[in-house]
Amino acid sequence: MTVLVTGGAGYIGSHAALALLDGGRDVVVLDNLSQGHRWAVPTGAAFVEGDCGDEDLVRRVIAEHDVTAIMHFAGSIIVPDSVIYPLEYYRNNTVNSRALLQVAVDSGVKHFIFSSTAGVYGEPKATPINEDFALKPISPYGTSKMMTEKMLADAAIAHDLRYVALRYFNVAGADPKGRSGQTSRKATHLIKIASQAATGTRPQMAIYGEDYETPDGTCIRDYIHVSDLANAHVLALEYLERGGESDVMNCGYGRGFSVREVIGAVKKVSGVDFEVELADRRPGDPAALIAAADRIRQKLGWTPVHDDLDAIVRHALDWEQSLKSREVSAA
Ligand SMILES: NC(=O)c1ccc[n+]([C@@H]2O[C@H](COP(=O)([O-])OP(=O)(O)OC[C@H]3O[C@@H](n4cnc5c(N)ncnc54)[C@H](O)[C@@H]3O)[C@@H](O)[C@H]2O)c1
Ligand SMILES: O=c1ccn([C@@H]2O[C@H](COP(=O)(O)OP(=O)(O)O[C@H]3O[C@H](CO)[C@H](O)[C@H](O)[C@H]3O)[C@@H](O)[C@H]2O)c(=O)[nH]1
């Protein structure tokens, strides 16, 4: 009984693989290394280099490793890129997910956990956002994820398969033991960028807009520690294994911090007063995104242990320092 982790050489997938291994599970990672790194695959996990849309390959991996569950992280993740290359995002996020789902159904894999996003809500009418809000994505990225959610829902009705789609809010931080962290080749996430500015990997950073209708004028987000998120995946798997119904669940803490508050925390924790300039709004940024996070707590018994901005920042900074000594290009 092995868990197939697609995208397990990437940021969140490698943390989920660690959480599964820490819990005594067998793991096989399938990653095409388009973004991830071979060294990011945790020790103890089997590794197959390849594409999650390659049905023959996935079929073989499932059979050879006795896979009974799939955690599907593989995908393309940069929202503005999805506007420029929409068909590429639909191929990698939607078409490849369809292929993976087909093989899962054909092979009798009954449990499927999917990386969805708060991006499926688009510009929500209010905040906090609960799972019953209308899905109105405003980018091809968000739409590509919403379409996979729909495929999962339909497949779960027609076939012997149950799923949990986890809608992540803003994922940040790194493994507290320093075993993994965010190593995207093209960093866009606020805490990653601020950590790079603090550790000297980049000379300065920008705040994208300070004229939003928020207390300090900058956008508010619900930052969730990647290790708490990884544990949510393990709990979601246990939930399915004890017969839980298919569901979608927000992953966030239910509170928000502004861009200025985040940058202040990175400066305080690092002790570095790096340069911050003001820039125009980034297109498509909603003013505030905060999760209503009751469902995941109730249904999975999820109790986060890293709900502390300074701790999230500390772990992100430690990881950034360790990347510098590994001489990995993380920019
Ligand atoms: N990082 C976030 O804040 C965030 C928020 C919401 C949702 N998500 C979703 O979580 C998942 C993981 O994101 P991440 O931040 O770890 O990104 P990441 O880029 O670090 O990891 C994605 C991994 O998938 C691999 N990959 C991409 N396409 C593949 C394919 N066709 N076949 C096999 N491997 C492939 C990449 O090489 C990479 O290792 C993604 O599906 C993303 O959309 C991330
Ligand atoms: O250098 C930067 C980087 C970000 N920001 C701001 O910081 C906030 C957070 O931005 P991120 O890029 O860290 O995260 P997003 O909220 O844009 O994106 C998150 O939500 C998206 C869907 O809404 C996707 O799921 C994405 O993967 C996930 O990280 C935004 O207001 C952004 O404008 C800056 O001011 N400067």
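Residues numbered from 1 in each chain as written. Chains lettered and ligands numbered in written order. Predicted model: local features only at pLDDT ≥ 70, side-chain atom pairs only at ≥ 80, totals over all residues. Heavy atoms only, no water.

Draft legend 1. Here's a closer look at the site of ligand 1. Ligand 1 sits among 29 residues. The nearest are Ile12, Asp31, Asn92, Tyr141 and Lys145. Asparagine 32 places a main-chain nitrogen or oxygen 3.1 Å from a nitrogen atom of ligand 1. Within the side chain of histidine 189, a nitrogen or oxygen atom sits 3.5 Å from an oxygen atom of ligand 1. Coverage of ligand 1 by the protein amounts to 97% of the 820 Å² it exposes when considered alone. Breaking the shell around ligand 1 down by element, the ones donating at least two residues are helix H1 (11–22), helix H4 (86–107), strand E5 (111–117) and helix H5 (140–158). Of all the elements, E5 adds the most residues to the shell around ligand 1, at 3 residues. Tallied by class, residues from the shell around ligand 1 come to 12 nonpolar, 14 polar and 3 charged. (Near = heavy atom within 4 Å. Polar contact = N/O pair within 3.5 Å; in protein donor to acceptor, adjacent residues only side chain to side chain. Areas by Shrake-Rupley, 256 points an atom, 1.4 Å probe, with all protein chains shown as cover. Helix = DSSP H or I, 4+ residues; strand = E, 2+ residues; numbered from the N terminus. Nonpolar A, V, L, I, M, F, W, Y, C, P; charged D, E, K, R; others polar.)

Draft legend 2. Summary view of the pattern of salt bridges. Tallying each qualifying case throughout the model produces 23 salt bridges. The closest approach of N and O atoms between arginine 98 and glutamate 55, which form a salt bridge, is 3.6 Å. Of this pair, arginine 98 sits in helix H4 while glutamate 55 sits in helix H2 (residues 55–65); the two residues are 43 residues apart in sequence, bridging distant segments of the chain. When its relative accessible area of 25% is taken as the criterion, glutamate 55 is described as partly exposed. Across the salt bridge formed by glutamate 320 and lysine 192, the nearest N and O atoms sit 3.2 Å from each other. Highlighted residues: glutamate 320 in helix H10 (residues 309–326) and lysine 192 in helix H6 (residues 190–199), separated in sequence by 128 residues. Here the two residues glutamate 320 and lysine 192 agree in accessibility, since each one is buried. Salt bridges linked by common partners bring Glu131, Asp132, Asp247, Arg295 and Lys299 together as one network. (Salt bridge = Lys/Arg side-chain N within 4 Å of Asp/Glu carboxyl O. Buried < 20%, exposed > 50% of the residue type's maximum accessible area, 1.4 Å probe, protein only.)

Draft legend 3. Quick peek at the site of ligand 2. With respect to spatial proximity, 19 residues lie near ligand 2, and among them Thr117, Leu190, Arg221, Arg282 and Asp285 are the closest. At 2.9 Å from an oxygen atom of ligand 2 is found a side-chain nitrogen or oxygen belonging to histidine 189. At 2.7 Å from an oxygen atom of ligand 2 is found a side-chain nitrogen or oxygen belonging to arginine 221. Considering ligand 2 on its own, with 690 Å² of exposed area, one finds that the protein chains cover 90% of that surface. The set of elements that each furnish at least two residues to the shell around ligand 2 consists of H6 and strand E8 (204–208). Across the shell around ligand 2, the residue classes tally to 11 nonpolar, 5 polar and 3 charged. Looking at which domains feed residues into the shell around ligand 2, each of domain 1 (2–172 + 223–251) and domain 2 (190–221 + 254–326) supplies at least three. (Domains from an automatic or database assignment.)

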